[in-house]
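This is what each chain is made of:
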Amino acid sequence: GRSVVGMRRATGGHRFRRQPPLSRKGGDLMFTGIVEEVGTVRALRRGAHSATLSIDARTVLENTRLGDSIAVNGVCLTVTSLGATHFNADVMHETLRRSNLGGLHTGSPVNLERAMADGRFGGHLVSGHIDAVGTIRRIQRDDNAVWYTIDADEVTLRHIIMKGSIAIDGISLTVARLTSDNFAVSIIPHTRAETALPTKQVGDRVNLETDLIGKYVERLIGATLPHPPSTAASGGITRAFLATNGF
């Protein structure tokens, strides 16, 4: 796992103070996967197919305005109202269907990060648009680290590479093990201390967002090559595939 969750100064251990943001509105905002704080769900009010989420927080409220974006467990949400110690956001049907937000309840801890608007970039490019929900298969301690093995579907696993980046509940992490059924990450103590990971148990569902650039590359290859790689389990880009396409 990355060692810079919740950016801190080298001396004193305090979080960096941000300058007033340029803008955190719009559909092209990005996150970094560096969690700023763990918030607490104040309330989840369900509608027929949607919900309103209220979250207690402190750090992410600094310089935040109505309409700004905050990632909640890696899901990009828009702030619809603000209080001194909390914010509210609407969660639409598609978001509930694709993420684990619908399983939250009063008191649930959630990873929070404001959209990148002032040059802060310590993790990797994270859009806040969840690809899939994985299930924690195994949690194992390894000296000072903890391994989390996560089951995921075939399409999601195709977009994961060894030593590549993945966002798990909005946390930028490095893939340390990969099989045909699951992948694993090794978490350092600092990452566990600064996120909601310690509350997770085997069988819990986590939001997954795979590498953005890799997905674009796959899409472009499929659109431009005469014989694009199959979406089935075909081994991906192989020597035979390159020869077929003139390389």
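Residues numbered from 1 in each chain as written. Predicted model: local features only at pLDDT ≥ 70, side-chain atom pairs only at ≥ 80, totals over all residues. Heavy atoms only, no water.

1. Observations regarding the overall build of the chain
And then number 1: Looking only at helices and strands, the chain has five helices and 12 strands in total.
And then number 2: Expressed as a percentage of the 247 residues in the chain, the buried residues total 45%.
And then number 3: Roughly 12,500 Å² of accessible area belongs to the chain as shown, and the carbon and sulfur atoms make up 53% of that amount. (Helix = DSSP H or I, 4+ residues; strand = E, 2+ residues; numbered from the N terminus. Buried < 20%, exposed > 50% of the residue type's maximum accessible area, 1.4 Å probe, protein only. Areas by Shrake-Rupley, 256 points an atom, 1.4 Å probe, with all protein chains shown as cover.)

2. Some words on the sheet that holds strand β11 (residues 182–187)
And then number 1: What the six strands build is a closed barrel, ordered β7-β8-β11-β10-β9-β12; its pairing is antiparallel. Here the strands of the sheet are splayed against their neighbours by 45° on average, with no regard to which way each runs. (Pairing = 2+ DSSP bridges. Axes fitted to C-alpha atoms, helices over the stretch in contact; angles between N-to-C directions.)

3. With respect to the packing of aromatic side chains
And then number 1: One pass over the structure, following the stated rule, counts zero aromatic pairs.
And then number 2: Directly above the aromatic system of W147 lies the positively charged group of R177, at a separation of 4.2 Å from the ring centroid. (Phe/Tyr/Trp six-rings, centres within 6.5 Å; stacked < 30°, edge-to-face > 60°. Lys NZ or Arg CZ within 6 Å of the ring centre and 35° of its normal.)

4. A word on unusual backbone geometry
And then number 1: Here K163, not a glycine, exhibits a phi torsion of approximately 70°, which is positive.
And then number 2: Positive phi values are uncommon outside glycine, yet D169 reaches one of about 50°.
And then number 3: Relative to the helices and strands, D169 resides in the loop between β9 (165–168) and β10 (171–178).

5. Topic: the pairing of strand β12 (residues 205–209)
And then number 1: Burial analysis of β12 places four of its five residues in the buried class, which makes it a mostly covered element.
And then number 2: Bridging between strand β7 (residues 132–142) and β12 involves four bridges; their strand directions are antiparallel. Among the inter-strand pairings, T135 is bridged to a residue of β12, identified as R205.
And then number 3: Pairing between β9 and β12: two bridges, direction antiparallel. Bridge pairing links A167 to E209 in β12.

6. A few points about the pattern of salt bridges
And then number 1: Enumeration over the complete set of coordinates arrives at seven salt bridges.
And then number 2: R97 is the salt-bridge partner of E94, the closest N and O atoms lying 3.0 Å from each other. Of this pair, E94 and R97 both sit in helix α1 (residues 93–98), three residues apart, which is roughly one turn of that helix.
And then number 3: Residue class for E94 comes out partly exposed when judged on its relative accessible area of 34%.
And then number 4: R97 gets classed as exposed once you look at its relative accessible area, which sits at 53%.
And then number 5: Between E94 and R98 there is a salt bridge, with the nearest N and O atoms lying 2.6 Å from each other. Residue E94 and its partner R98 are both found in helix α1; the two are separated by four residues, about one turn of the helix. (Salt bridge = Lys/Arg side-chain N within 4 Å of Asp/Glu carboxyl O.)

7. Thoughts on the sheet that holds strand β3 (residues 69–72)
And then number 1: Here six strands make up a closed barrel; going around it, the order is β1-β2-β5-β4-β3-β6 and the pairing antiparallel. For this sheet, the mean inter-axis angle between neighbouring strands, taken without regard to orientation, is 45°.
And then number 2: Note: strand β4 (residues 75–82) against strand β5 (residues 86–91), three bridges, orientation antiparallel. Residue pairing across strands places V79 opposite A89, the latter belonging to β5.

8. Concerning the environment of L208
And then number 1: Within the secondary structure layout, L208 lies in strand β12.
And then number 2: Linking L208 and N73, residues 135 residues apart in sequence, is a C-alpha distance of 9.5 Å.

9. Structural notes on the nonpolar core
And then number 1: L53, V72, L77, F87 and L112 are the most contacted members of the largest nonpolar core, which totals 22 residues.
And then number 2: Elements with a minimum of two residues in this core: β1 (37–46), β2 (51–56), β3, β4, β5 and β6 (109–114).
And then number 3: Formed by 19 residues, the second largest nonpolar core is a distinct cluster that contains I136, I160, I166 and V185. (Core = buried A, V, L, I, M, F, W, Y, C linked by side-chain atoms within 4.5 Å.)

10. As for the pairing of β5
And then number 1: Within β5, five of the six residues are buried, leaving the element largely enclosed by the surrounding structure.
And then number 2: Connecting β4 to the antiparallel partner β5 that follows it, the hairpin turn spans three residues.

11. A closer look at the confidence of the model for the chain
And then number 1: Summing up the model confidence of the chain, the mean pLDDT is 83 and the portion of residues at 70 or higher is 77%.
And then number 2: Predicted confidence for residues 1–24 stays below pLDDT 50, and this span has 71 contacts to residues more than four positions away or in other chains. (pLDDT = per-residue confidence, 0-100. Contact = heavy atoms within 4.5 Å.)

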